[in-house]
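What the coordinates show
Chain residues, written in single-letter form:
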Amino acid sequence: MRVTSNGVALSTAPSAMRTSRLDDPQALRENFRRDGYVLLRQVLDRDTVIGLRGAYFGMFDPSYLAKETTPQQGIWSGEAPAGLPPHGHPGHPAHAFVRSKVFADFVQDQRLLAVAQTLFDGAETMRLPRQIVRHFHQGPRASRAHTDFDYLDRGSDQVLTMWIPIGDCPVPTGGIAYLEGSHRLPKAQLQLLKNRRTDRPDDPRPISHDLGWTQQELGGRWLCADFAAGDVAIHSPHLVHATFDTTTSSMRMSADIRFVPIDVEPDPRWLRPWSGDDGN
Ligand SMILES: O=C(O)CCC(=O)C(=O)O
């Protein structure tokens, strides 16, 4: 399988993520500590997730979707509607969507809170209000290799991210990938890579857009999965991760939802609803 991210091919094919189970909380916590992530299959109701996908793509001009397809399918027509604001900026559907009742109902699902609480060893837990909805149509565009803590470092590192595919997301649709064992790397080692190979020299947060190079420098394998609607991937703020390019006409849609124990200091930037232009 040839995988690219931001148009750059990985020289080594990614390997499969390990799948964890919900019914053994101790094993779940151990997996999270050991791997820096857990992948849970079918935590959420598939029809609810597909309904959410439909609600989102239904907010776009119909020209965005391929003829005779439904918003639930989220199949790109090949054209971006004229005048669409940048992703998540006021006026873009993602901006209104993260403020909508349908999204609020979705993220309030008690199963998500319960999993977060299990991973925090039973500590009382809250969801951070800055919740991002992303979608990508076919093209050489994806999230660069980074750790979440570089975006959340004005608060505690007791924070976990749930990456939730909103729709089926097999590897060619451009899901999340984790760099094996990278949550254990010294911060200084990651810091040394910054600005050495980057398509964003002015942004100090991402490590690189080149995932093959990142892997060569840091070691470990890139781990990926064919995600299905209902699955949830959860990662540590110190795990290096990225996403792959979307190469299918089916668009990649996902949400990142973050949780913290209530007795830690969260990064204040994450206490306000997300806007694509909030600079964070
Ligand atoms: O979905 C993406 O493209 C990036 C998501 C991500 O980096 C995260 O959830 O922490």
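Residues numbered from 1 in each chain as written. Predicted model: local features only at pLDDT ≥ 70, side-chain atom pairs only at ≥ 80, totals over all residues. Heavy atoms only, no water.

This brings us to the overall build of the protein. Scanning the protein for helices and strands turns up seven helices and 13 strands. Relative to its length of 280 residues, the protein is compact, with a C-alpha radius of gyration of 18 Å against a globular reference of 19 Å. Summarising its shape, the C-alpha atoms of the protein cover approximately 50 × 40 × 35 Å along the three principal directions. In the protein, which comprises 280 residues, the share counted as buried stands at 54%. Within the protein, contacts between residues separated by at least 24 positions form 80% of all contacts whose residues are at least 6 apart in sequence. Entry remark: accessible area of the protein is about 12,100 Å², with carbon and sulfur atoms responsible for 50%. One finds the centroid of the 31 positive side-chain charges in the protein at a distance of 2 Å from the centroid of its 33 negative side-chain charges. (Helix = DSSP H or I, 4+ residues; strand = E, 2+ residues; numbered from the N terminus. Rg over C-alpha atoms; globule rule 2.2 N^0.38 Å. Buried < 20%, exposed > 50% of the residue type's maximum accessible area, 1.4 Å probe, protein only. Contact = heavy atoms within 4.5 Å. Areas by Shrake-Rupley, 256 points an atom, 1.4 Å probe, with all protein chains shown as cover. Lys, Arg positive; Asp, Glu negative; His and termini not counted. Charge placed at Lys NZ, Arg CZ, Asp CG, Glu CD.)

So, on to the site of the ligand. Taken together, 13 residues lie around the ligand, and Ser143, Trp163, His241, Arg252 and Arg258 are the ones closest in. With respect to the ligand, the side chain of histidine 146 contributes an N or O atom lying 2.9 Å from an oxygen atom. Side-chain polar atom of aspartate 148 to an oxygen atom of the ligand: 3.0 Å apart, as the coordinates give it. Considered on its own, the ligand offers 290 Å² of accessible surface; in the complex 99% of this is hidden by protein. Looking at the shell around the ligand, the elements that each hand over two or more residues are strand 8 (160–165), strand 12 (241–243) and strand 13 (252–261). Ranked by the residues each element gives to the shell around the ligand, the list is headed by strand 13, at four residues. Considering only residue class, the shell around the ligand consists of one nonpolar, seven polar and five charged. (Near = heavy atom within 4 Å. Polar contact = N/O pair within 3.5 Å; in protein donor to acceptor, adjacent residues only side chain to side chain. Nonpolar A, V, L, I, M, F, W, Y, C, P; charged D, E, K, R; others polar.)

Judged by which residues are buried, strand 11 (residues 232–235) turns out to be covered on both faces: Val232 and Ile234 on one side and Ala233 and His235 on the other are all buried. Pairing of strand 5 (residues 37–40) with strand 11 involves four bridges; the strand directions are antiparallel. Looking at the pairing, tyrosine 37 lines up with histidine 235 of strand 11. Summarising the sheet, strand 8 and strand 11 pair through three bridges and their orientation is antiparallel. By the bridge assignment, threonine 161 is partnered in strand 11 with histidine 235. (Pairing = 2+ DSSP bridges.)

Counting 49 residues, the largest nonpolar core has Phe103, Leu160, Met162, Ile164 and Ile234 as the members making the most contacts within it. Among all residues touching phenylalanine 103, those that are not within four sequence positions of it are Leu52, Phe97, Val98, Gln131, Val133, Ala255 and Ile257. In terms of nonpolar packing, the next biggest core, distinct from the first, is built from 17 residues, Leu10, Ala177, Leu211 and Ala242 among them. (Core = buried A, V, L, I, M, F, W, Y, C linked by side-chain atoms within 4.5 Å.)

The next point concerns the sheet that holds strand 3 (residues 15–16). The sheet built from four strands is open, its strands ordered 3-10-9-12 with mixed pairing. Pairing within the sheet leaves two strands with one partner each, and these edge strands are strand 3 and strand 12. Judged from the three bridges that link them, strand 9 (residues 176–179) and strand 12 form a sheet pairing that is antiparallel. Paired with isoleucine 176 across the bridge in strand 12 is threonine 243.

A separate point is the packing of helix 1 (residues 25–35) against helix 5 (residues 110–119). At their nearest, the axes of helix 1 and helix 5 sit 9 Å apart, and the two run at 70 degrees to each other. Overall, the two elements helix 1 and helix 5 adopt an arrangement that is roughly perpendicular. Side by side, helix 1 and helix 5 meet where Pro25, Leu28, Arg29 and Phe32 of the first sit next to Val115, Thr118 and Leu119 of the second. Each residue belonging to the contact of helix 1 with helix 5 can be placed in one class, and the counts come to five nonpolar, one polar and one charged. (Axes fitted to C-alpha atoms, helices over the stretch in contact; angles between N-to-C directions. Parallel < 35°, antiparallel > 145°, perpendicular 65-115°, else oblique.)

Glancing now at the side chain of threonine 214. Residue placement: threonine 214 occurs in helix 7 (residues 211–218). Classification of threonine 214 as buried rests on a relative accessible area of 0%. Beyond its immediate sequence surroundings of up to four residues, threonine 214 is in contact with Ala145, Leu179, Ile207, Ser208, Gly219 and Trp222.

By themselves, these observations are geometric and do not establish any function.
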